[in-house]
Amino acid sequence: MRNGIEGIDELLRDRLLIMANDRSANDVLSHVPLRTGGLVLTGADAPARCREIRNAQPGMVVAVDYGSHTREIASVDAPFGLATSHGWRALGLADLNEILDGQRDNKVSFAVTPTCFIPPDETGDASVFKAVIGQTNQLDREDTIVLLPCSYRWLRGVSLHHLVKGIRACRHPVALIMQADEDPLKRSHVPEGLRQLCRSCPRLVLWRTDLAAFDAMAHGALGAAVGASAVLRFGVAPRPDNGGGGRKPYTVVLVRRLLRYLRVATLQDWFAHVDPWTCGCAVCDGAPLTRFIDSDIDVCAALQHTVRELYALHYELDATLPGHERIDWWRQKLVDSWEHHRLLASQTDTELEFPKVLQAWRRQSPLPLPSAEQPRGQDQSGPS
Ligand SMILES: [Zn+2]
C-alpha cells in the first residue's frame with residue numbers, strides 16, 4: 001500500500017478549500033490561511049502548479065481536480081477516465097491507482113479520483129454510482145477522496161437514499177459536486193436534500209460550490225471547496241466544448257453581510273446615489289465595493305477580496321462547536337443577511353428580493369436519514 005496521509009479526515013475537517021484555475025492560483029495563494037485553508041487546482045497545469053506551491057510552502061494543503069466530470073459521462077464499466085494529449089483514456093482499477101500515485105508524485109496533500117459525471121439515475125438501481133463506490137472500495141489506500149460529480153436529482157427522493165447508503169459504505173471520504181444548468185440549490189428539495197445528506201454522512205466534503213459550503217459545514221459536512229470563479233461554483237454536465245475559454249466573465253464580489261455574490265455593476269446601480277458600502281478586509285482596507293472595474297487587475301483584486309471574506313466567515317464558523325452551536329451561528333448569519341437586505345433596500349430605495357436559496361436556508365433543518373441498523377420509526381434525536 002502506498003504510504004497514507006496521517007488521518008485524511010483530520011486533514012479535511014472544517015477545512016475550507018478554494019478551487020481555482022491553475023492561472024489564478026498565485027493570485028489567491030497569499031490570501032489562503034495555512035491552518036484552515038487550502039487550494040484545489042483545475043486546468044492543464046494544475047499538477048505542475050501544485051508541485052511548485054508545495055515545494056515553496058510544504059504546509060499549504062493543495063489538491064488537484066482533473067475535471068473528468070466535465071468531459072465524460074460515467075458508465076458501470078468505465079466510471080473513471082482522463083483527458084490526455086492522445087485523447088480520452090478510460091481507467092481500470094490499476095490505471096486508477098497509477099493516476100492517484102501520479103498525483104502524489106506531484107505532491108498533492110491528498111489524491112482525488114478522476115470520476116466521470118454521474119447522470120440522474122434513470123434505472124432506479126443506482127448502478128453507475130454503485131460502480132464508483134465499489135471500485136474505489138478496492139483501492140488499498142488511505143490518501144484518497146472519492147469525487148462524486150452528481151446531477152442535482154441525486155439529492156431528492158429515492159436517489160438520495162441510494163446516495164446516503166453508498167457514501168456510508170465508502171471506505172474513503174467523498175467530495176460531492178452538484179450539477180445543474182444553473183445553481184442546483186434553486187431546484188426544489190435540493191437544499192433540504194443536501195442538508196439531510198450532510199447530517200447523514202460525516203465524511204462528506206462539498207466540492208465545487210459557493211456559500212452552500214457554510215450551510216453544508218453547519219450541518220455536519222467534513223469540509224468544502226468553494227470555487228474562485230462562477231464556473232467552479234457548481235457542476236456542469238459534459239459537453240464537447242468544455243474546457244475551452246468562454247467569454248470574459250464580469251467582475252463579481254462576495255458581499256459578506258448579504259451572504260451573496262453580486263456583480264459589481266449591480267452594486268454600482270444600487271449605490272448610484274448614496275455612499276456605497278465599504279469593506280474592511282486586508283485587500284479593500286476600507287475602500288468601497290463598487291470600485292472594481294472589468295480590468296484584469298480589478299478582477300484579480302475582487303477575487304482576492306472574496307477569498308479574504310470567505311475566510312473571515314469561515315473563521316467564525318471554525319470558532320463554533322459542531323452541532324447546535326454551529327447551526328445557531330449560521331441561522332443568525334441568515335437573520336443578519338435578511339436584515340442587511342432590508343437595510344440596503346431602504347438606503348438605496350431599490351426593490352430587493354431576498355434570494356431563494358437564502359430563503360431555503362432559513363427554513364428548519366430536516367432530520368438525518370435513518371441508518372440501516374436503525375429500526376423503522378425509531379425517533380431520531382438531534383437539532384431541529
Ligand atoms: Zn474586501
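Everything quoted here is computed from the prediction, not taken from an experiment.

**Description of the coordination of the zinc ion**
Taken together, Cys-279 (SG), Cys-281 (SG), Cys-284 (SG) and His-305 (ND1) make up the full set of protein donors to the zinc ion, lying 2.1 to 2.3 Å away. Here the zinc ion binds four donor atoms, and the angle range of 103 to 118° at the metal identifies the geometry as tetrahedral. Sequence positions of the donors to the zinc ion reduce to the motif C-x1-C-x2-C-x20-H. By relative accessible area, Cys-281 is classed as buried at 8%.

**As for the nonpolar core**
If you look at the biggest cluster of nonpolar residues, it comprises 83 residues, and the most contacted ones within it are Leu-148, Leu-176, Leu-197 and Phe-214. Inspection of this core shows a minimum of three residues originating in each of domain 1 (8-232) and domain 2 (252-361). Residues contacting Phe-214, with those up to four places away along its chain left out, are Leu-16, Leu-310, Leu-313, His-314, Leu-317, Trp-329 and Trp-330. One finds Leu-12, Leu-147, Val-205 and Trp-207 within the second-largest nonpolar core, a separate group that totals 19 residues.

**Topic: the domain arrangement of the chain**
By the assigned domains, the chain splits into domain 1 (8-232) and domain 2 (252-361). Distance from the C-alpha centre of domain 1 to the C-alpha centre of domain 2: 26 Å. Counting from both sides, the interface comprises 32 residues of domain 1 and, opposite them, 24 residues of domain 2. With both sides pooled, the region where domain 1 packs onto domain 2 buries about 2500 Å², and carbon together with sulfur makes up 69% of that total. Counting the surface domain 1 buries against domain 2, the share from its top three residues, His-31, Leu-211 and Phe-214, is 29%. Linking Arg-326 and Asp-14 is a salt bridge whose minimum nitrogen-to-oxygen distance equals 2.8 Å. Taken together, the connections running from domain 1 to domain 2 amount to 12 residue pairs in polar contact (both at pLDDT 80 or more). Looking at the side of domain 1 that touches domain 2, the element that brings in the most residues is helix α8 (residues 212-218), giving five residues. For the side of domain 1 that touches domain 2, the residue count by class is 15 nonpolar, eight polar and nine charged.

**Details of the environment of Tyr-311**
Looking at where Tyr-311 falls in the secondary structure, it is placed in helix α10 (residues 296-318). Residue Tyr-311 is classed as buried on the basis of its relative accessible area, which comes to 7%. A C-alpha to C-alpha distance of 8.5 Å links Tyr-311 and Thr-36, two positions 275 residues apart in sequence.

What counts and what doesn't
- Residues numbered from 1 in each chain as written.
- Predicted model: local features only at pLDDT ≥ 70, side-chain atom pairs only at ≥ 80, totals over all residues.
- Heavy atoms only, no water.
- Donors = N, O, S within 2.8 Å, 3.2 Å for Na, K, Ca; no water.
- Tetrahedral: all angles 85-135°; square planar, octahedral: opposite > 155°, others 65-115°.
- Buried < 20%, exposed > 50% of the residue type's maximum accessible area, 1.4 Å probe, protein only.
- Core = buried A, V, L, I, M, F, W, Y, C linked by side-chain atoms within 4.5 Å.
- Domains from an automatic or database assignment.
- Contact = heavy atoms within 4.5 Å.
- Buried area = accessible area lost by both parts, 1.4 Å probe.
- Salt bridge = Lys/Arg side-chain N within 4 Å of Asp/Glu carboxyl O.
- Polar contact = N/O pair within 3.5 Å; in protein donor to acceptor, adjacent residues only side chain to side chain.
- Helix = DSSP H or I, 4+ residues; strand = E, 2+ residues; numbered from the N terminus.
- Nonpolar A, V, L, I, M, F, W, Y, C, P; charged D, E, K, R; others polar.

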